[in-house]
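Survey of secondary and tertiary structure
Read off the chains here:
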Amino acid sequence: MPVFLAYVRHHNAFEIGTIMLITGVSQLAAAPIAGALESRFDPRRLSAAGFALFALGLGCSALQSRVADFDEMFWPQVLRGVAIMFCLLPPTRLALGALAEAEVPDASGLFNLMRNLGGAIGIALIDTILYGRTGGHAEALRHRLIAGDITAAQAIGLDLNLFTHRPPDASDAAVEAYLRPMVEKAAFALSTNEAWALLAFAALLGLLLVPFAGPPPLSTDANVREN
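Conventions and cut-offs
Residues numbered from 1 in each chain as written. Predicted model: local features only at pLDDT ≥ 70, side-chain atom pairs only at ≥ 80, totals over all residues. Heavy atoms only, no water. Helix = DSSP H or I, 4+ residues; strand = E, 2+ residues; numbered from the N terminus. Rg over C-alpha atoms; globule rule 2.2 N^0.38 Å. Buried < 20%, exposed > 50% of the residue type's maximum accessible area, 1.4 Å probe, protein only. Core = buried A, V, L, I, M, F, W, Y, C linked by side-chain atoms within 4.5 Å. Contact = heavy atoms within 4.5 Å. Expected span 1.5 Å × (residues − 1). 1 Å grid on protein atoms, 1.4 Å probe; cavity = no way out; pocket = protein on both sides within 12 Å on 5 of 7 lines; lining within 4 Å. Points joined across faces, edges and corners; volume = space filled by probe spheres on them. Nonpolar A, V, L, I, M, F, W, Y, C, P; charged D, E, K, R; others polar. Axes fitted to C-alpha atoms, helices over the stretch in contact; angles between N-to-C directions. Parallel < 35°, antiparallel > 145°, perpendicular 65-115°, else oblique. Left-handed = near helix turned anticlockwise from the far one by under 90°.

**Quick notes on the overall build of the chain**
Along the backbone of the chain there are 11 helices and 0 strands. Ordered by position from the N terminus, the helices and strands of the chain form the series α-α-α-α-α-α-α-α-α-α-α. By the compact-globule yardstick of 17 Å for 227 residues, the chain is too spread out, its C-alpha radius of gyration being 23 Å. Principal-axis analysis of the C-alpha atoms gives the chain an extent of 80 × 30 × 30 Å. Per-residue burial over the chain gives 33% buried out of 227 residues.

**Side note on the nonpolar core**
One finds M1, F4, L5, F54, L58 and M73 to be the most contacted residues of the largest nonpolar core, which totals 24 residues. Put simply, the parts of the chain that give this core at least two residues each are α1 (2–7), α2 (13–38), α3 (43–61), α4 (70–86), α6 (104–132) and α10 (172–209). Broken down by element, the residue count for this core peaks at 6 residues, all from α10. Excluding residues that lie within four positions of it along the chain, M1 makes contacts with I19, M20, M73, Q77, R80 and W196. L141, A152, L179 and V183 belong to the second largest nonpolar core, which has 12 residues in total.

**Some remarks on α6**
Here α6 spans 41 Å end to end across 29 residues, near enough to the 42 Å set by a 1.5 Å rise per residue. A107, I129 and L130 are the residues of α6 that are buried.

**Description of the layout of surface pockets**
Volume-wise, the largest pocket comes out at about 1700 Å³. As for the largest pocket, its lining consists of 45 residues, of which F54, G118, G119, L199 and A202 are closest to the centre. The element best represented in the lining of the largest pocket is α6, accounting for 13 residues. Broken down by class, the residue content of the lining of the largest pocket amounts to 33 nonpolar, 9 polar and 3 charged. Considered as a void within the structure, the second largest pocket measures approximately 670 Å³ in volume.

**Observations concerning the environment of L37**
Positionally, L37 belongs in helix α2. The exposure class of L37 is partly exposed, given its relative accessible area of 27%. In sequence terms L37 and I121 are 84 residues apart; their C-alpha atoms lie 31 Å from each other. Apart from residues lying up to four places away in sequence, L37 is in contact with L46 and F86.

**Details of the packing of α3 against helix α5 (residues 89–96)**
It is at 8 Å that the axes of α3 and α5 come closest, and there the two elements cross at 140°. As judged from the angle between their axes, α3 and α5 are oblique. Note that α3 runs across α5; the crossing there is left-handed. Facing P43, R44, L46, S47 and F51 of α3, the residues of α5 in contact are P90, P91 and L94. For the contact of α3 with α5, a count of residues per class yields 6 nonpolar, 1 polar and 1 charged.

**Some words on the side chain of S61**
Relative to the helices and strands, S61 is located in helix α3. Accessibility expressed as a relative area gives 3% for S61, which makes it buried. For S61, the residues in contact, after removing those within four places along its chain, are P76, R80, N193 and W196.

By themselves, these figures tell us nothing about what the structure is for.
Now the structure itself:
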């Protein structure tokens, strides 16, 4: 989001922080709710709900337009902010809650290691898509523009009157210089959507793996019976 908002939407750091603040506020609001539910319900169900909601929020961002801004990004951020608390607390309980006290320190270290390793791999994959796929998208848009594809002109935000009625005194070099930034930004927006789609797929994969998680800690079952 910060790279998209800076490069495509031309926002400064303060404006980007203001837009992305929605995710943090949603997390803060959902934290006490997740904590209360986590002690009352099967963490596998809460984890599944969290991953499903997270995938939905990511999938919504994968469909955002080139001109997406605060309004279009608001609800996907709310969904992700709420979902992330259910993707953190219940899985942690599943991983550590049933262990003996003496095993918790080593298990916690391994759990954090895997989480950080997964984050590093995820960032590498996202960067690969953002900067590896943009060139291909830009080249495809360029060929479509040369072929006279009006939808390509609309995709990059070009005035259709200019596209269909090229000024007679405009040289090829001037046209290329004018269109190149527009093509590059539109191509980067397409790559950004692909990165969001990759993350949504990862969340769905997490959802599919939830049924294979171990049984919830006994204390959770006791709390469920008591309530």
